[in-house]
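# Working through the structure, step by step
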Amino acid sequence: MKKIFLCLFFFFLTISFCLAEEENSPTNTTTNENKFAENAKSAIMIEASTGTILYEKNKDDKLPMASMTKMMTLLLIMEEIESENLKWNEMITTSEHAASMGGSQIFLEVGEKMSVEDLVKGICIASGNDASVAMAERIGGTEEKFVSMMNKKAKELGLSNTHFENACGLDSDNHYSSANDMSIIAKELVKHKKILEFSGTYEDYLRKNTEKSFWLVNTNKVVY
């Protein structure tokens, strides 16, 4: 689940033409529905503009959300940018805490400065934990305060099966969500069209033309 990231939620497609074909064979419809997400503990597919559920399986089960946490982090980032409290070209200084995240990262160094645009690129394409926390600290002052903002936003969206304990998705006992709640966050996030430019990018570079140039490759093979 950890490698299932943003784009899996960003590209909800209306598949009515596929469903219509299966309606001609009730037996096949049942078989295909059972196999659609047979290895998943829970799943959901929605049409993003309306929220109409096209498929669901245990959609309200509380489960670890791993890097899908970053959808809420990105939603708050986009809201800050559109409220003009944050600019794409603003340079963010990496704290020791942000640089220490480990896991999927863009290898920020303590004191390193990187633009908001490049940090968001690092979150969307490489699922950077360090980039997520660097942005969380810029917006909330501390990651802890930013997490409070995440939980407040979850309540505003009516998410009843979600609780955040960090900004990047590291495992924690009280850090969970459901497929349905995640789809609601995704639906809100894709209203900010700029984010799709990043999530739809297969590869790019950070720190271009430096000795520390870093190749970003999207783990979502659907993008490729």
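Residues numbered from 1 in each chain as written. Predicted model: local features only at pLDDT ≥ 70, side-chain atom pairs only at ≥ 80, totals over all residues. Heavy atoms only, no water.

For the rest of this paragraph, the subject is the packing of helix H4 (residues 70-82) against helix H8 (residues 143-156). Orientation of H4 relative to H8, taken along the N-to-C sense of each, is 95°, at an axis distance of 10 Å. In terms of axis orientation, H4 runs roughly perpendicular to H8. Facing H4, whose interface residues are Met72, Thr73, Leu75, Leu76 and Glu79, H8 presents Phe146, Met149, Met150, Lys153 and Ala154. Within the contact of H4 with H8, the residues separate by chemical class into seven nonpolar, one polar and two charged. (Axes fitted to C-alpha atoms, helices over the stretch in contact; angles between N-to-C directions. Helix = DSSP H or I, 4+ residues; strand = E, 2+ residues; numbered from the N terminus. Parallel < 35°, antiparallel > 145°, perpendicular 65-115°, else oblique. Contact = heavy atoms within 4.5 Å. Nonpolar A, V, L, I, M, F, W, Y, C, P; charged D, E, K, R; others polar.)

By the definition in use, this model includes 11 salt bridges. Glu112 is the salt-bridge partner of Arg207, the closest N and O atoms lying 2.7 Å from each other. Linking Arg207 in the loop between strand E5 (203-206) and strand E6 (214-217) with Glu112 in the loop between helix H5 (96-99) and strand E4 (113-115), this pair joins segments that are 95 residues apart in sequence. Judged by relative accessible area, Arg207 falls into the buried class, the value being 15%. (Salt bridge = Lys/Arg side-chain N within 4 Å of Asp/Glu carboxyl O. Buried < 20%, exposed > 50% of the residue type's maximum accessible area, 1.4 Å probe, protein only.)

Moving on, we come to the packing of aromatic side chains. Counted by the stated rule, this structure contains four aromatic pairs. With centroids separated by 5.7 Å and ring planes inclined at 70°, the aromatic side chains of Phe107 and Phe214 adopt a geometry described as edge-to-face. With Phe107 in the loop between H5 and E4 and Phe214 in strand E6, the pair connects residues that are 107 residues apart, well separated along the chain. Pairing Tyr202 with Tyr224 gives two aromatic rings, centres 4.7 Å apart and planes at 50°, and the pair type is tilted. Pair noted here: Tyr202 is in the loop between helix H10 (194-199) and E5 and Tyr224 is in the segment after E6, with a separation of 22 residues, a long-range link. When the ring centre of Trp88 is taken as origin, the NZ or CZ atom of Lys194, which lies over that ring, is 5.7 Å away. (Phe/Tyr/Trp six-rings, centres within 6.5 Å; stacked < 30°, edge-to-face > 60°. Lys NZ or Arg CZ within 6 Å of the ring centre and 35° of its normal.)

None of the figures reported here should be taken as evidence of function without further support.
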